[in-house]
Amino acid sequence: MRTIDWNDGGIDLVDQTLLPETLEMRHVTELDDLIRDIQRLAVRGAPALGVAGALGVALIAASATDVETARVDAKRLREARPTAVNLSWGVDRALKRLEEGPQAVLEEALAIRDEDILACTSMGLYGADLVRSLVSRDKARVMTVCNTGGLATVERGTALGVIQTIFEQGWLKEAQPIETRPLLQGARLTAWELQQMGAPFRLLVDSAGPFMLARGSADAVFIGADRIAANGDTANKIGSFSLALAAQRAGVPFIVVAPESTVDMATASGDDIEIEDRGSAEVVAIQGVRTAPEGTDTINPAFDVTPHDLITAIVTDRRVINIAHGETLASVDYGPTRTS
Ligand code: MRU
């Protein structure tokens, strides 16, 4: 199954707000609907947002009356969510072909879709080899946050893709997703994906994650990324930073898995990354059921930034950067996209 694809002149996407109860596709042909779907997290996860951005430009190009209006529309799309660099990256890459016409834009968007599929396989292989070198047990127990699986990409996933690879290779003891308040991507989406795979897992509430790392419950923590700054600081779902702090104290490897398209060398450090605040509604209620008194004020950062000194390694589709050994994004050369 593909989480997002192009069919019949429009975008097919899994409506992730309905999971785990209902698996339903939406067919999107209007830019405003796509922007709304991005903002309400019907489509989400950095790599999937990159594909959504590029396919969105294909929608724009197909109905554009002139190049200038198309560019204005593309700007609205690229600003739909600010933190994941993949969205603006996908929009900008497709936009470069605008003057060649709608077919060229669509070709570029489909190339981004196809590259994502290959990148996820490659990250799984690089990541699994890395865990083998770091974990001394026969079978690995891996903690993770949010959803970084096939639902966050086109087919297979980044951090959860590594966990899937380890499972397929026969040495996953247990995955431990944290539930990921406020929108429960860990509980609703990651638990659902692990169940679909038939992989062993147990779900934890967010606040149990750091303590369970201190108690030695996991051999590694794997997270995805929404934006990796040039110095390796990594923005990812809120809750990543507290796991990183706890992992460091417990001596547990903390590994970031993301495609090269999530690396943003134009952003010097995590301090420069804009963090989306998603407002009150998600904090004062859980899935529509009010949990805080009427009128409660909130703070709702959708992401946090893990400083690079808490990260053991960054795994991309082209390389492994061993931050703990002093390697940097600038110092490690690109290798092949792996298929085996
Ligand atoms: O708000 P979301 O659900 O889009 O947040 C997603 C994450 O934080 C993921 O960990 C990240 O995008 C990487 S997805 C492979």
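Residues numbered from 1 in each chain as written. Predicted model: local features only at pLDDT ≥ 70, side-chain atom pairs only at ≥ 80, totals over all residues. Heavy atoms only, no water.

**Q** For this particular structure, what's the right way to read the overall build of the protein?
**A** Assigned secondary structure in the protein consists of 10 helices and 15 strands. For the protein, whose C-alpha radius of gyration is 19 Å, the value lies close to the compact-globule estimate of 20 Å for 340 residues. C-alpha atoms of the protein, sized along the principal axes, occupy 60 × 55 × 40 Å. Relative to its 340 residues, the protein shows a buried fraction of 58%. Restricting to contacts in the protein with at least 6 residues of sequence separation, those with at least 24 account for 73%. Averaged over its 32 positive side-chain charges, the protein has a centre that lies 6 Å from the centre of its 48 negative ones. (Helix = DSSP H or I, 4+ residues; strand = E, 2+ residues; numbered from the N terminus. Rg over C-alpha atoms; globule rule 2.2 N^0.38 Å. Buried < 20%, exposed > 50% of the residue type's maximum accessible area, 1.4 Å probe, protein only. Contact = heavy atoms within 4.5 Å. Lys, Arg positive; Asp, Glu negative; His and termini not counted. Charge placed at Lys NZ, Arg CZ, Asp CG, Glu CD.)

**Q** Would you mind going over the packing of aromatic side chains with me for this structure?
**A** Any aromatic ring pair is given by two values, namely how distant the centres are and how the planes are angled relative to each other. Under the counting rule described, the total for this entry stands at 0 aromatic pairs. Taking NZ or CZ as reference, Lys237 lies 4.4 Å from the ring centre of Phe303, over its face. Across the ring face of Tyr126, the terminal group of Arg338 is positioned such that the distance to the ring centre comes to 5.1 Å. (Phe/Tyr/Trp six-rings, centres within 6.5 Å; stacked < 30°, edge-to-face > 60°. Lys NZ or Arg CZ within 6 Å of the ring centre and 35° of its normal.)

**Q** It is not clear to me how the side chain of Arg97 should be interpreted in this structure. Could you clarify?
**A** Mapped onto the elements of the fold, Arg97 is located in the loop between α4 (85-95) and α5 (102-134). Those residues in contact with Arg97 that sit more than four places away from it in its chain are Ala104, Val105, Glu107 and Glu108.

**Q** Just to check I follow, could you spell out the pattern of salt bridges for this structure?
**A** Charged atoms that come close allow side chains of opposite charge to pair. Here the structure, examined in full by the defined rule, presents 29 salt bridges. Between Asp264 and Arg227 there is a salt bridge; the shortest N-O distance is 2.7 Å. Here Asp264, found in strand β10 (residues 263-264), pairs with Arg227, found in strand β7 (residues 227-229); they are 37 residues apart in sequence, far enough to count as distant. The same class applies to Asp264 as to Arg227, namely buried. With a closest N to O distance of 3.5 Å, Arg290 and Glu294 form a salt bridge. Looking at Arg290, the relative accessible area reads 42%, which means it is partly exposed. (Salt bridge = Lys/Arg side-chain N within 4 Å of Asp/Glu carboxyl O.)

**Q** Looking at this structure, how should I read the sheet that holds β10?
**A** Within a sheet, neighbouring strands are paired by backbone hydrogen bonds and run either parallel or antiparallel to one another. Spatially, 4 strands are ordered β10-β7-β8-β13 in an open sheet, and the strand pairing comes out mixed. Two strands lie at the open edges of the sheet, namely β10 and β13 (303-306), each paired on one side alone. (Pairing = 2+ DSSP bridges.)

**Q** Explain α4 here, please?
**A** The periodicity of an α-helix, 3.6 residues per turn, causes residues three or four positions apart to be oriented the same way. For α4, the tally of buried residues reaches 9 of 11 residues, placing the bulk of the element in the interior. The complete set of buried residues in α4 reads Val85, Asn86, Leu87, Ser88, Gly90, Val91, Arg93, Ala94 and Leu95. In this fold, the buried residues of α4 make contact with α1 (31-39), α2 (46-63), α3 (67-78), α5, β7 and β10.

This is a description of form; function is not addressed.
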